[in-house]
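# A closer look at the structure
Single-letter residue listing:
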Amino acid sequence: MLIFAACGGDDDDDATAENPDESTPSTEDVDSLEQGGTVTFASDQEPTGWNVNTSNDSLAALAYMEAIVLPSPFIVQPDFTVELDENLMESAEQTSDDPQTIEYVIKEEAVWNDGTPVTVEDFSYNWEMQNGSNPDVDVASTTGYDQIESVEPGDDDKTVVVTFSQPFADWQGLFSNLMPAHILKDATGWNDSLDGENIPDFSAGPFQFSNYEPGANVTLVPNESYWGPAPLLDELVVRFGIDAPNVPAALENGEIDLAYPQPQIDLVQQVEALAPEIDSQINFGLSFEHIDFNFLNPHLGKLEVRQAIAFGLDREDLVARTVQQFDERGSVLNNRLWLTGQPEYQDNAADFAFDPEQARSLLEEAGYTEGSDGIYTHPEDGKLTLRISTTGGNALRENTEEIIQSQLREVGIDIQIDNREGAEVFDLFFPESGNFEDANYDLALFAWVGTPFVVSSSKSLYECGGGQNEMSYCNEEIGPMFDDALAATDRQEAVDLMNQVDQLLWEDMATLPLYTKPTFLPYRTSVANIVDNPTNQGPLWNAYEWGIKAS
């Protein structure tokens, strides 16, 4: 499952790939730090629900919080590697190839905060909710869970034996953000118990939610039942409603201690001017900005129109006028599955370089004629006017929209900007009904937040009827190719299959990738051990190690 980001939250510091962290985080031994204190994080997204495993709530901002509340067998590190959570697990190993069988051994001391042990029942419950067998359950992705044949106890209820019906290479990505069976064990509990103001009161991580003031903030405090390293902080407050332009002032006056806004040149420069009290990290991780096309729109249902948009956009110019304004490492992205900086990346977009004449020719081939105002019109579908929607107040995205509007105007496509504040825009893309026929957008500009499990996390975006395929795009070849890649025992075979999928996506012009999304993490230097994790773990991933430096 990929999660979507309203701002520049997700997506990463890569210490091992081509895009190393631009700054060196200040890390200190926790024993040298003061016990107690409050750290305030400004989030640009306020969740509308609290089950990150559902399609409606799979927001990056929620994933960041729940990474320190809900248990996961494996944790993605800032360098994209995957490590066993040794606080939760004794081990997690493949014990058989045929059928593929994984044995998880949970720590004896691992308990939910009400004292109930974390057991095989939790793994079984999360499998049953996410395997797609119950159409009433809202789930962001069934990938992997739908290939599990059974989840059973081993020698005891702390040993989980998972048997697959067919090989699943990305098994380490399963069972993340575990929900407690003994609290949510029916479909209604999964779907509705964590809606609106119903923050989880359960935890098996170092923090737990303690208080929520809608529109203002949510507070996390240490989980007193947590058996692993205890957090130093008394409180971690997540503030909502501080827009990116207000972040520098909020940092300077001490209203917040860190934020994760989408970077843009003015913001980066303002933060840099606050040194040495304020420092920052810029990274390029596993998230990417892109445009989704709503295939149910009569114009966008035509391949020629989608291709005309691709030919009509000068993406090199767009990147030069946006991301490269504050970081020269920014570059055009020509692959939706492997991102720049990953060794598997290959450029699959050679046939779609900027060509405005080709854009006009495609529209005319599709029956459009240019009007006196320079905008094309179709005899049946009318004037070629399309809405583009993104998170209002996000300067980088608003600038991107204006460039898109200007460039496409030159090839006869009228773009109208129709934004919403914060996470509200995702209601247009992912309607509460769960029926993508109710999606209310033409062009969607946002980012997918990636994981190292590229195959399993991307399948639901592009396969026919996928749980996150809000575009209503369908190519019957795509799903089986993902399945083959997931079952591949040879890594290179899976890599090649994913590049073949991406080439099909280019041929169909299913979406239009723009650039690998930068993350920007400004923070007060009085707080130690803030280290960006630009994967879906996010900036709070190691908050249990944060501490106030001795004055």
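To keep things clear, this report deals only with the structure shown in the data block. Throughout, residues of each chain are indexed from 1 in the direction in which the sequence is written. Totals for whole chains, interfaces and linings use every residue, but because this is a predicted model, local features are given only for residues with pLDDT of at least 70 and side-chain atom pairs only at 80 or more, for both listing and counting. With hydrogens and water set aside, each side-chain value is computed from the structure's full complement of heavy atoms.

## Focus: the nonpolar core
Residue types Ala, Val, Leu, Ile, Met, Phe, Trp, Tyr and Cys, when buried and joined through side-chain atoms within 4.5 Å, form a set referred to as a nonpolar core. Remark: exposure states derive from per-residue accessible area (1.4 Å probe, protein chains only) relative to the maximum for the residue type, with buried under 20%, exposed over 50%, and partly exposed in between. Among the nonpolar cores identified, the biggest contains 160 residues, and Tyr-104, Phe-175, Ile-309 and Trp-546 are the most heavily contacted of them. A run of DSSP states H or I qualifies as a helix once it reaches four residues; a run of E qualifies as a strand once it reaches two. Both are numbered from the N-terminal end. A total of eight residues in this core trace back to one element, the largest contributor, which is helix α14 (residues 491-508).

## As for the sheet that holds strand β16 (residues 382-383)
The antiparallel open sheet is built from three strands, whose spatial order is β14-β15-β16. Of all the strands in the sheet, the pair left with one neighbour each is β14 (369-370) and β16. Here the rule is simple: two strands pair whenever DSSP picks up at least two bridges between them. Looking at chain direction, strand β15 (residues 376-378) and β16 are connected through two bridges and run antiparallel. Each bridged residue has a counterpart across the sheet, and for Thr-377 the counterpart in β16 is Lys-383.

## Quick word on the sheet that holds strand β5 (residues 89-97)
Spatially, β5-β6-β8-β7 is the arrangement adopted by the four strands of the open sheet, whose pairing is antiparallel. The open sheet terminates on both sides in strands that have one partner only, identified here as β5 and β7 (148-153). Mean inter-strand twist for the sheet, computed between neighbouring axes without regard to direction, equals 15°. With seven bridges connecting them, β5 and strand β6 (residues 100-106) associate as antiparallel partners. Bridge assignment links Ser-91 to a residue of β6, and that residue is Val-105. The contact rule is simple, with two residues in contact once any of their heavy atoms fall within 4.5 Å. Under this scheme, a helix contributes an axis fitted over its contacting stretch, all axes are lines through C-alpha atoms, and angles between N-to-C directions fall in the 0 to 180 degree range. On the sheet, helix α2 (residues 120-130) packs against β6, β7 and β8 (159-164) and is oriented at approximately 160° with respect to β7.

## Things to note about the packing of aromatic side chains
Any two aromatic rings considered together are summarised by their centre-to-centre distance and by the angle between their planes. Aromatic contacts are taken between Phe, Tyr and Trp rings whose centres are within 6.5 Å, Trp giving its six-membered ring; a plane angle under 30 degrees counts as stacked, one over 60 as edge-to-face, and the others as tilted. Taken as a whole and assessed by the stated rule, the structure comprises 24 aromatic pairs. With 5.2 Å between their ring centres and 50° between their planes, Tyr-104 and Phe-123 make a pair best called tilted. Separated by 19 residues along the polypeptide, Tyr-104 in strand β6 and Phe-123 in helix α2 bring together distant segments of the chain. With respect to burial, Tyr-104 and Phe-123 carry one shared label: buried. Measuring from ring centre to ring centre gives 5.4 Å for Phe-429 and Phe-446, while their planes differ by 25°; the resulting arrangement is stacked. Note that Phe-429 is positioned in helix α11 (residues 426-429) and Phe-446 in strand β21 (residues 443-449), a separation of 17 residues in sequence. Take Phe-429 and Phe-446: they sit in the same class, and that class is buried. Connected via pairs of aromatic rings, a cluster forms that spans Phe-426, Phe-429, Phe-430, Phe-436, Tyr-441, Phe-446 and Trp-448. The ring of Trp-506 carries Arg-336 above its face, with NZ or CZ at 4.3 Å from the centroid. Any Lys NZ or Arg CZ found within 6 Å of a ring centre and within 35 degrees of that ring's normal is scored as a charge over the ring.

## Quick look at a negative patch on the surface
A patch consists of residues whose relative accessible area exceeds 30% and which take part in no salt bridge; residues with like charges are grouped when within 9 Å of each other, and nonpolar side chains (Val, Leu, Ile, Met, Phe, Trp, Tyr) when within 5 Å. Computed with the Shrake-Rupley method and a 1.4 Å probe, the accessible areas treat only the protein chains shown as cover for residues. Salt bridge, as applied in this entry: a Lys or Arg side-chain nitrogen positioned within 4 Å of an Asp or Glu carboxyl oxygen. When charges are counted, Lys and Arg are positive and Asp and Glu negative, with His and the chain ends excluded. A single reference atom marks each charge: NZ on Lys, CZ on Arg, CG on Asp, CD on Glu. Together, Glu-93, Glu-103, Glu-108, Glu-109, Asp-155, Asp-156 and Asp-157 line one region of the surface with negative charge. Its location among the elements puts Glu-109 in the loop between β6 and α2.

## With respect to the environment of Leu-521
With respect to the element layout, Leu-521 can be found in strand β22 (residues 511-524). Spatially, the C-alpha atoms of Leu-521 and Glu-357 are 41 Å apart, while their sequence positions differ by 164 residues. Sequence-distant contacts of Leu-521, that is, excluding residues within four places in its chain, are made with Leu-258, Ala-259, Tyr-260, Asp-279, Ser-280, Gln-281, Ile-530, Val-531, Asp-532 and Pro-539.

## Some points on helix α7 (residues 303-312)
The buried fraction of α7 amounts to eight of the 10 residues, a majority that puts the element mostly inside the structure. Listed as buried for α7 are Val-305, Arg-306, Gln-307, Ala-308, Ile-309, Ala-310, Phe-311 and Gly-312.

## What to know about the environment of Asn-131
By secondary structure assignment, the location of Asn-131 is in the loop between α2 and β7. Along the backbone, Asn-131 and Gly-479 are 348 residues apart, and their C-alpha atoms lie at a distance of 16 Å.

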